[in-house]
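Each chain, letter by letter, is given below.
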Amino acid sequence: MKPLIYVTKSLPKEIVLELQEKFQLSIWEEEDFIIFEQAVEQADLDFRNTNYIQA
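Predicted model only: the values in this text are computed from it and were never measured.

A. How the structure looks around the overall build of the protein chain. When helices and strands are tallied, the protein chain shows two helices and two strands. Burial statistics for the protein chain: of 55 residues in total, 18% are counted as buried. Sequence-distant contacts, at least 24 apart, represent 30% of the contacts inside the protein chain between residues at least 6 apart. Accessible area for the protein chain stands at about 4,800 Å²; split by element, carbon and sulfur atoms hold 54% of it.

In structure tokens:
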């Protein structure tokens, strides 16, 4: 299982593709600023919705 990265800023497509080779990405799609609490909540939800099993 790839490590999960939560991206909160817009990145060039080339960088996203490169990151996807090594990581599972969750991307904040909106262009406005993200509030820290929103980021933590969404990252937690995304983490819970993966098949990640911590050994």
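B. The arrangement of the confidence of the model for the protein chain in detail. Looking at the protein chain, the pLDDT average stands at 79 and 85% of residues meet or exceed 70. Least confident of the elements in the protein chain is helix 2 (residues 36–48), whose mean pLDDT is 76; most confident is helix 1 (residues 13–22), at 94.

C. Broad picture of the pairing of strand 1 (residues 4–7). Both strand 1 and strand 2 (residues 24–27) contribute to a ladder of four bridges, which runs parallel. The partner of V7 across the bridge, within strand 2, is I27. What joins strand 1 to strand 2 is helix 1, and the crossover it makes is right-handed.

About the thresholds
- Sequence order sets the numbering: in each chain, residues are counted from 1 along the sequence as written.
- Totals for whole chains, interfaces and linings use all residues, but because this is a predicted model, local features are given only for residues with pLDDT of at least 70 and pairs of side-chain atoms are given and counted only at 80 or more.
- Side-chain calculation: all heavy atoms of the structure are included, whereas hydrogens and water are not.
- A run of H or I in DSSP counts as a helix once it spans at least four residues, and a run of E counts as a strand once it spans at least two, with each numbered from the N terminus.
- Think of it in three bands: residues with accessible area under 20% of the maximum for their type are buried, residues over 50% are exposed, and the middle band is partly exposed, with areas taken using a 1.4 Å probe on protein chains only.
- Whether two residues touch is decided by their heavy atoms; if any such pair falls within 4.5 Å, the residues are in contact.
- Accessible areas in this description were obtained via Shrake-Rupley with a 1.4 Å probe; residue shielding takes into account the shown protein chains only.
- A residue's pLDDT is the predictor's confidence in that residue, given on a scale from 0 to 100.
- Whether two strands pair comes down to DSSP finding at least two bridges between them.
- Seen with its strands pointing away from the viewer, a crossover is right-handed when the path leading from the first strand over the helix to the second is clockwise.

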